[in-house]
Amino acid sequence: MSLGLFLAQALTGLASAATLFLVSVGLSLVFGITRVVNFAHGAFFMVGAYVGYTLTNYFAASDALSYWLCVVAAAVIVGAIGMAVELLLMRRMYKVPELFQLLATFAVSLLIDDILPIIFGPEDLLAPRVRSLRGGIDLFGARMPVYDLYMIAAAAIVLLLLYIAITRTRWGVLIRAATQDRDMVGALGVNQAWLFTGVFTLGVFLAGLAGALQLGRTSANLGMGTSAITEAFVVVVIGGMGSVTGALVAAILIGELSALGVAYFPQLNLVLMFLIMAAVLAVRPSGLFGKPEALTRQHEFSDEPPLRAISRPLAFAAIALLALLTIAPAVLGTYGLSVVVDVMIAIVFAGSLYLILGPGGLVTFGHACYFGVGAYAVALGIRYAGLSFASALVLAPLAASLFALAFGWLSVRVSGVYFAMLTFALAQIVWSVVFQWYDVTGGDNGLIGLWPTSLSPLVFYFVTLALTAGSIAILGWIPHSALGYALRVTRDSPARAAAIGIDVRLVRLFAFVIASLFAGLAGGLSAFAKGSVFPTAISIGRSIDGLVMVLMGGVESIAGPVVGAAMFYLMQTEILRYTDRWRLVLGVLIILIVLVFPKGVVGSISQRLRGEESR
Amino acid sequence: MTPQHPTAPLLQVRDLLVRYGETLAVNGVSLDVEAGKLIAIIGPNGAGKSTCFNAISGQRPPNAGEVLLDGKSISGLLPETIFSLGVGRTFQVTATVPTMTVRENVQVALISYHRRTFSPWVSARRLYREEADRLLELIGMTGQRDRACGVLAYGDLKRLELAIALANAPRLLLMDEPTAGMAPAERNELMALVARLAADRGIGVLFTEHDIDIVFSLAHRIVVMNRGQLLATGTPDVIRADPRVQEIYLGRDDHTGSAEKQPS
């Protein structure tokens with residue numbers, strides 16, 4: 001590759017870095033002040049692109065000046081939307097557990113994901129290009145799009161303004177102080193509420209600006225939000241949460257890596273991103289410029305009562321349910337049985353997530369990864385190795401736990417929101433690889449025709465029933481075991497865990513791998529149940545479904561995810577009959593759970609029962 | 001229980017240095033703890049006492065200096081490794097598990113000590129139950145052993161911390177303000193128990209304490225710290241007579257004047 005081409009690639013990388021920086025610095029600033037990781041940040045980026053498209057079209061921006069005005073106006077509008085979200089929703093969220101904050105912001109992104117196509121339609125939208133911004137310039141014999149230079153300049157201007165604002169103004173002093181200790185700033189008489197609103201609005205404004213700027217390079221499309229938030233998470237994980245410098249350095253690193261990676265190793269691009277992240281986290285778990293987290297923070301569910309032995313009524317209910325499901329094939333037809341199978345698979349998936357979320361106290365946003373790996377292990381095993389039903393079903397949990405070993409090793413080095421972001425980013429990387437590796441995985445078209453001809457639906461039903469019962473028994477047992485106790489100590493008091501000789505990371509990794517093993521089993525079963533596998537098996541949507549199932553039921557015992565998964569599945573099936581705006585419904589549902597029903601169904605019932613006992 | 005070499009102290013701390021950014025929280029502190037002896041660290045708030053503890057127990061690795069247990073360096077080791085070498089500790093701000101019962105809090109320490117943590121098939125409820133109950137009896141918490149730890153009074157949590165710290169049959173016990181927040185009668189009782197355990201079991205105890213009466217009546221030796229530095233070391237009589245110690249404690253410096261009032 002010539003020097004000119006290399007330079008052109010490097011500048012393209014810098015232009016990507018500009019977008020990445022604008023998106024991640026907003027995310028990072030908001031986190032620094034409010035301690036909330038805004039999952040909807042990518043969605044706001046996307047809104048920026050759509051609003052920018054609308055404005056440039058409406059005003060028929062044909063010269064550079066009006067184009068830039070439209071871009072800034074779009075950012076202001078998105079910032080205003082962000083402010084409204086902060087005032088209506090986020091304000092109620094600052095004191096709730098991290099998981100709920102993440103879910104609530106994710107719910108906002110779900111709403112945006114479903115509302116945008118209603119307004120703008122499903123097609124990609126290409127903004128009118130302004131002639132003076134369109135051309136290229138020659139650079140050592142290679143052509144460099146001039147717009148990329150503008151992008152870099154725009155990011156540089158924002159960086160400079162941010163730097164001045166943070167180091168030179170009173171507002172900047174407050175920002176720095178609140179990042180250190182927000183309660184102290186509140187105690188000194190600063191109106192915290194408005195500080196939070198201001199910073200949130202600024203962060204969303206920057207996301208909107210990045211989205212609108214992006215219009216000069218690509219079309220506005222409905223996938224850009226998810227990919228933006230994934231990359232932003234990678235950037236803040238590498239750079240360190242809450243650090244502007246970190247966001248800058250990591251954005252340049254990732255931007256350049258992607259641009260040069262595409263040029264030199266197009267196949268390995270995503271793997272490279274993963275390796276960089278792994279290398280940084282192995283050496284500096286809190287990122288290049290991040291501060292280490294305090295180890296002493298108490299877990300958020302600390303009002304949970306001590307674990308009790310499984311009560312007799314519950315055991316009877318479980319046995320009765322099992323008996324009912326054993327005789328179900330006599331009553332239910334093929335369709336009925338397939339519904340029950342789907343529910344059971346959902347139960348195993350939710351049950352495995354419960355182990356990480358409940359006793360483990362770790363919030364993962366990438367649990368679908370292991371479900372998907374299990375499903376694809378079955379599909380690929382049948383397609384390429386001609387595996388039998390039984391051996392494919394053994395391969396699924398095996399493959400999932402191998403992935404969990406590698407990803408878990410990385411993820412347990414961090415905790416809290418870092419854990420959530422990292423598990424999410426890792427799952428997205430696997431998703432992208434599966435999505436793009438068309439020759440092997442079939443990409444978007446998935447792998448179909450997996451049902452072995454020799455397998456009867458009835459046999460499959462009983463295999464699923466037996467595996468589900470066994471899985472739930474084991475997953476319900478583990479919290480009562482020595483490992484489960486150690487796990488709860490790492491959740492509630494990491495400092496104490498270390499002081500009594502418990503290796504916090506190893507215990508978490510162990511639980512993570514066990515949970516992923518069962519997620520992989522669920523994935524393997526689902527590959528057979530559907531007879532096909534698609535990339536959605538790994539998508540963030542499935543991870544969120546799992547979280548909602550567990551939360552609907554409750555995180556305090558295994559009964560929670562069992563009830564929650566069944567409720568969720570049946571509700572989803574029912575609602576999908578009437579509308580395909582499922583994400584809209586789910587978004588509202590999540591916000592309701594978080595605001596009104598934080599203990600879940602089983603949790604609320606058992607709390608009520610306990611309340612009556614003590615009277 | 002472990003036979004001790006009469007010449008080598010159980011714990012030797014040499015020129016310990018811990019830095020928090022620009023601040024030297026602990027600056028060149030050296031001290032010894034012999035088996036069976038109670039050594040107290042005293043000093044105003046911010047003197048670096050807790051940081052000393054954290055550096056010894058591995059919660060905050062020292063920047064320089066050395067920590068020797070039985071003559072072998074343990075500086076920079078992980079807390080869980082230091083635990084396995086026979087060091088138990090209590091925290092200034094109690095670190096217990098609120099969602100477990102009192103007994104379970106001790107049981108889980110015993111499970112870890114006996115290396116049964118990675119046994120997903122063993123029921124924790126029955127593991128080392130009697131051993132836990134014996135420890136709870138020792139600290140007088142038998143009546144509360146089935147209560148959730150989250151609802152305990154602060155003084156009880158402090159006592160529970162002692163039971164947890166004893167779970168690994170420690171040779172060295174690090175107690176960071178073990179009686180803070182307790183009623184005076186409770187304090188004396190707890191520290192008398194610690195003194196008895198130290199004598200009976202040959203445990204070396206390093207502790208900080210704001211109640212000066214307890215310190216001077218129980219400690220075999222007292223280490224005085226001020227602003228990260230070692231000010232004086234000696235027997236209670238020597239320390240009592242030291243004019244520099246009197247200066248700190250009687251408040252010639254106005255900013256330390258009220259630091260040693262007993263918490264109410």
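Along each chain, residues carry numbers from 1 onward, in the same order as the chain's sequence is written. Ligands are numbered from 1 and chains lettered from A, in the order in which they are written. Only residues with pLDDT of 70 or above have their local features reported here, since the model is predicted, and side-chain atom pairs are shown and tallied only from 80 upward, although totals for entire chains, interfaces and linings are computed over all residues. To get the side-chain values, all heavy atoms of the structure are used, and hydrogens and water are removed first.

Caption draft 1: View of the interface of chain B and chain A. Of the residues lining the interface, 33 residues belong to chain B; the matching set on chain A comes to 33 residues. Defined in terms of a 1.4 Å probe, buried area is the accessible area two parts forfeit on being brought together, summed over both. Approximately 2700 Å² of surface area, both sides summed, lies buried where chain B meets chain A, with 64% of it carried by carbon and sulfur atoms. Per-residue buried area on chain B facing chain A is highest for Thr99, Phe118 and Pro120 of chain B; these three make up 24% of the total on that side. Glu161 of chain B is the salt-bridge partner of Arg496 of chain A, the closest N and O atoms lying 2.9 Å from each other. Going along the chain from the N terminus, every DSSP run of H or I of four or more residues is numbered as a helix, and every run of E of two or more is numbered as a strand. Breaking the side of chain B that touches chain A down by element, the ones donating at least two residues are helix H2 (79-84), strand S6 (87-90), helix H3 (102-113) and helix H5 (154-165) of chain B. Broken down by element, the residue count for the side of chain B that touches chain A peaks at 5 residues, all from H3 of chain B. By definition, residues are in contact when any of their heavy atoms lie within 4.5 Å. Basic side-chain nitrogens of Lys or Arg form a salt bridge, by our definition, when they fall within 4 Å of a carboxyl oxygen of Asp or Glu.

Caption draft 2: Broad picture of the domain arrangement of chain B. Residue and element names in this part refer to chain B. Domain delimitation follows an automatic or database domain assignment. The domain architecture assigned to chain B consists of domain 1 (7-86 + 170-264) and domain 2 (98-169). Each of domain 1 and domain 2 was reduced to a C-alpha centroid, and the two centroids are 26 Å apart. Every contact between the two is made by 20 residues of domain 1 and, on the other side, 16 residues of domain 2. A buried area of about 1300 Å², summed over both sides, lies between domain 1 and domain 2, and 69% of it is on carbon and sulfur atoms. Contact with domain 2 buries area across many residues of domain 1, yet Phe83, Pro170 and Leu193 alone supply 36% of it, more than any other trio.

Caption draft 3: Structural detail: the sheet that holds strand S4 (residues 64-69) of chain B. Residues and elements named next belong to chain B. When DSSP finds at least two bridges between two strands, those strands are taken to pair. Pairing is antiparallel across the open sheet formed by 4 strands, whose spatial order is S2-S1-S4-S5. Strands at the two margins of the open sheet, each flanked by one partner only, are strand S2 (23-33) and strand S5 (72-73). Where strand S1 (residues 11-20) and S2 come together, 8 bridges link them in antiparallel fashion. The partner of Val18 across the bridge, within S2, is Val26. To define axes, lines are fitted to C-alpha atoms, for helices over the stretch in contact only, and angles between the resulting N-to-C directions are given on a 0 to 180 degree scale. Against the sheet, helix H1 (residues 49-57) contacts S1, S2 and S4, and its axis sits at roughly 115 degrees relative to S1.

Caption draft 4: Spatial organisation of the pattern of salt bridges. Counted by the stated rule, this structure contains 17 salt bridges over all chains. Here Arg577 of chain A and Glu574 of chain A are joined by a salt bridge, their closest N and O atoms 3.6 Å apart. Of this pair, Arg577 of chain A and Glu574 of chain A are both found in helix H24 (residues 559-578), 3 residues apart, which corresponds to roughly one turn of the helix. Think of it in three bands: with a 1.4 Å probe and only protein chains considered, a residue is buried below 20% of the maximum accessible area for its type, exposed above 50%, and partly exposed in between. Judged by its relative accessible area of 34%, Glu574 of chain A falls in the partly exposed class. Linking Glu34 of chain B and Arg221 of chain B is a salt bridge whose minimum nitrogen-to-oxygen distance equals 3.3 Å. Of this pair, Glu34 of chain B sits in the loop between S2 and strand S3 (38-42) while Arg221 of chain B sits in strand S9 (residues 221-226), and the two are 187 residues apart along the sequence. One network of salt bridges, with partners in common, ties together Arg103, Asp133, Arg145 and Asp146 of chain B.

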